[in-house]
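Understanding the architecture of this molecule
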Amino acid sequence: MDRRVPVVMPSAVLGDRTAKPGLSWYAFYSPTPFLESYCDSIQPSNLLTVSTFYTMAQKYAPYGLWESPITADAITQASVSLGAIFVDPVTQDIYYIEQRASEGGRCALMSHQTQKEVFGKDFNARTRVHEYGGGAAIAYNGTVYSSNFTDFRVYAAKDGKITPITSEDPNKVYRYADFCVHPVHTDLLVAILEDHTNDTPHATVTSLVSTEDAHNEFYAAPKFSPSGDKLAWQFWKHPDMPWEGGQIYVADVHYDSNTHKLGLGNAKLIAGEANNISACYPLWASNDKLLFTSDESKFTNLWEYTQACTKPVLSSPVQQDFCMPSWTLGTYSFAFLDENGTRAICVAWQGGRSVLYVIDIAAGSHVEIKDKLFDFVAINYVCRLSDYTFVFTGSQSNAPSVAMLCTLTGPSYVPNFQVLKSTASTSASPFPEGIISLPTPLELKVAGDKIVHAVYYAPNNPAYAGSSIPNEKPPCVLGVHGGPTGLETQNLNWTKQYFTSRGYAWLDVNYSGSSCYGRAYVERLQGNWGIADVSDCIDAVQSPQICSLIDTKRTAIRGGSAGGYTTLAAISLDSSAASKTKFFACATNSFGISDMELFANDTHKFELMYVIKLLGGTKEEIPKVWYDRSPVYFSANIKTPLLVLQGNDDAIVPPAQSWTIIDGVIKSKGRVEAHFFDGEQHGWRTSEAIKKAIEFEREWYEKNMVRSTVPT
């Protein structure tokens, strides 16, 4: 179908905007004439193993212009990322979800035992509850249940037979996730239901139980006790996010034999406090004891609830976070090691990396699993298999992500690791050994003796000994993570290696507001979004540890979503030191926020009031702050060449956010190039989009801060 993309721009600049079906197009403006073209169809190809050596003599070339075997084709060919891994607690069968970029980002639900898809190649095991999804599938006693993104229905698969268990939903208004099977009446499940009958952020209804205020409420993590007579769940309400004021409730479960339905009674709040203490991830150790995470100590540690009391599991708080913020459903960071729930395996975060602890719940003690084979920097989806055996997804700094099985033996808990599934490609040529740039985590002391966390990657390519230009320092790409309550981890990321292998340095800044450094570090950003994050990025580049390593005049800032907002804020807002001096040589904004009021009105329910805390109040309370923190009103300040990348189907940061900033830059005669991707939502899922986004970004940096500075 022929379609036109809505935009408010000078017609003399834009001309006709008819898009070819299924293709994306981009707009470019500079003092030179306007260009318009189409992104032609792309043939993805990929890589992802590392071996062999360069045998030729090392070469010299300007930083940023090194030739690299890590191509966009190599990154996207047969590209697979691992989603959830989960276990059938009765049969002990293992399942995991693969996201396949070469299949349009489809999520395939795989059985480890059969090495086959459970639901077939037309099934997409994905949900859009809270837009970010998660918790799409579960298995119990040989039956696998999963939401299907294709038609939004829930299906059950057993012994090769697939049956829909929810009604047809032609308008796709019902979204289901985070299932839990009743342990006695095993044909009955609970789930989170998100009702989009009235599909506006203010009217979307999220429910676990029927309430009077469902438009403002959220639910997650329903868990039955082993006997099935109690149910625990997480609850929060606007304006909180789950990591700000999540609460844990426990209720009695009643079974009605006449109707074959479950009911709840005597619901009781057992942990968490709105706006002050976040409790998450409930999990029953026994019929009488529930474990969960709480940040009451200002670090997220394990807590326990019994009829007698609610208390920390550990005898003294550990100044580490024992979970990530729950942007998606089902991302548990701990599991029990024995049937009686006396010990647990738990992931914590130390210096931006994962560590593993065995928790003795009765003794209130913990022991770190230290082993030379344990080199995972990010661990997710921890799930019990059997006594002292568990599974998880793990990421390393120098190898592709894997699904792992670990068995602990002996009194010192010696780990034995077994790879269940690797995301490394088996179909592509391997990369040269030594081409991966390893992360260096840093604590940067910036203005006011404030500590900012960052991770540095040096230029690295075994074919090159350095620059051919005397005394040249490398250009740098500064990465700003999304969220903003998030963390840029230190796992292998081929996009970063794409640039470091070409002679760029890369700097990730875990700015004020980032997670996994304690609640106080997160709360640095409250009321300061667009200020603290921007100053942290500028200060990181200027810090003695970094400015001695890179060419600070050739630094690009880039980010997606909230990171895209920080990127725009840095190069535009009057409050940013970088907007006055063209501090950054160029910038890439991927689906970032440009207009705070537009974002508050148009985004989805989950984040509808997130911005209020980040800015320090509502628009009615502090209208000047909302104006001063919106890059769209300061686009005339943008002297930095700006690349904009946007998905046309993004419901979190809709395309209008990109159009407004593009229009402003064009009107002020700045330089902007924009690419819009049909079929893409909040982030790139398809090979075509991933490939093009990487190539557009490299070309932008080469054109605006590398080739223009290289002597001819």
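Heads up: the structure comes first, above all this text.
Computed from a predicted structure; not experimentally measured.

1. With respect to unusual backbone geometry
Cis geometry is adopted by the peptide bond preceding Pro-239, which originates at His-238 and carries an omega value of 10°. Take Pro-239: it is sitting in the loop between β18 (230–237) and α3 (242–245). Across the junction of Gly-483 and Pro-484, the peptide omega takes the value 5°, indicating a cis bond. Following the sequence through the fold, Pro-484 ends up in the loop between β36 (476–480) and α4 (494–500). Of note in the backbone geometry, Asn-266 takes a positive phi value of approximately 55° without being a glycine. Tracing the sequence through the fold places Asn-266 in strand β20 (residues 261–271). Look at Asn-266 and you get exposed, because its relative accessible area is 60%. In this structure, Lys-669 takes a positive phi of about 65° despite not being glycine. Here Lys-669 lies in the loop between α13 (656–667) and β41 (672–677).

2. So, the side chain of Thr-331
Looking at the secondary structure, you find Thr-331 in the loop between β24 (310–312) and β25 (334–336). For Thr-331, a relative accessible area of 15% translates into the label buried. There is a polar contact of 3.0 Å between the side chain of Thr-331 and the side chain of Tyr-281. Contacts of Thr-331, omitting those with residues within four sequence positions, involve Tyr-281 and Tyr-381.

3. Details of the pairing of strand β7 (residues 94–100)
With 6 of its 7 residues buried, β7 lies for the most part within the structure. Where strand β6 (residues 80–87) meets β7, 6 bridges bridge the pair, whose relative direction is antiparallel. Looking at the pairing, Val-80 lines up with Arg-100 of β7. With antiparallel pairing between neighbouring strands as the criterion, β6 and β7 make up a hairpin whose turn holds 6 residues, including Gln-92 at a positive phi of roughly 65°. Note that β7 and strand β8 (residues 106–111) share 6 bridges and pair antiparallel. Residue pairing in the sheet places Tyr-96 in a bridge with Met-110 of β8. Where β7 folds back on β8, the antiparallel hairpin that results is connected by 5 residues, among which Gly-104 adopts a positive phi of roughly 70°.

4. Observations regarding helix α8 (residues 562–572)
Of all the 11 residues making up α8, 11 are buried; the element is thus mostly covered by neighbouring parts of the structure. Turning to α8, its buried residues number three or more, namely Ala-562, Gly-563, Gly-564, Tyr-565, Thr-566, Thr-567, Leu-568, Ala-569, Ala-570, Ile-571 and Ser-572.

5. A look at empty space enclosed by the protein
Counted under the stated rule, the structure contains 5 cavities of 30 Å³ or more. In this structure, the second largest cavity encloses a volume near 330 Å³. Along the walls of the second largest cavity sit 27 residues, with Trp-243, Asp-295, Pro-325, Thr-485 and Val-522 positioned nearest its centre. For the lining of the second largest cavity, the secondary structure elements donating two or more residues are α3, β21 (279–284), α5 (519–523) and α11 (610–615). For the lining of the second largest cavity, the residue count by class is 11 nonpolar, 9 polar and 7 charged.

6. Quick word on the sheet that holds strand β28 (residues 365–368)
Here we have 4 strands laid out as an open sheet, ordered β25-β26-β27-β28, and antiparallel in their pairing. Two strands bound the open sheet, and with one partner strand each, they are β25 and β28. Within the sheet, the average angular offset between the axes of one strand and its neighbour, ignoring direction, is 30°. Note that β25 and strand β26 (residues 343–350) share 3 bridges and pair antiparallel. Residue pairing for β26: Ala-335 is matched across the bridge by Ile-345.

Quick notes on the rules
Residues numbered from 1 in each chain as written. Predicted model: local features only at pLDDT ≥ 70, side-chain atom pairs only at ≥ 80, totals over all residues. Heavy atoms only, no water. Helix = DSSP H or I, 4+ residues; strand = E, 2+ residues; numbered from the N terminus. Buried < 20%, exposed > 50% of the residue type's maximum accessible area, 1.4 Å probe, protein only. Polar contact = N/O pair within 3.5 Å; in protein donor to acceptor, adjacent residues only side chain to side chain. Contact = heavy atoms within 4.5 Å. Pairing = 2+ DSSP bridges. 1 Å grid on protein atoms, 1.4 Å probe; cavity = no way out; pocket = protein on both sides within 12 Å on 5 of 7 lines; lining within 4 Å. Points joined across faces, edges and corners; volume = space filled by probe spheres on them. Nonpolar A, V, L, I, M, F, W, Y, C, P; charged D, E, K, R; others polar. Axes fitted to C-alpha atoms, helices over the stretch in contact; angles between N-to-C directions.

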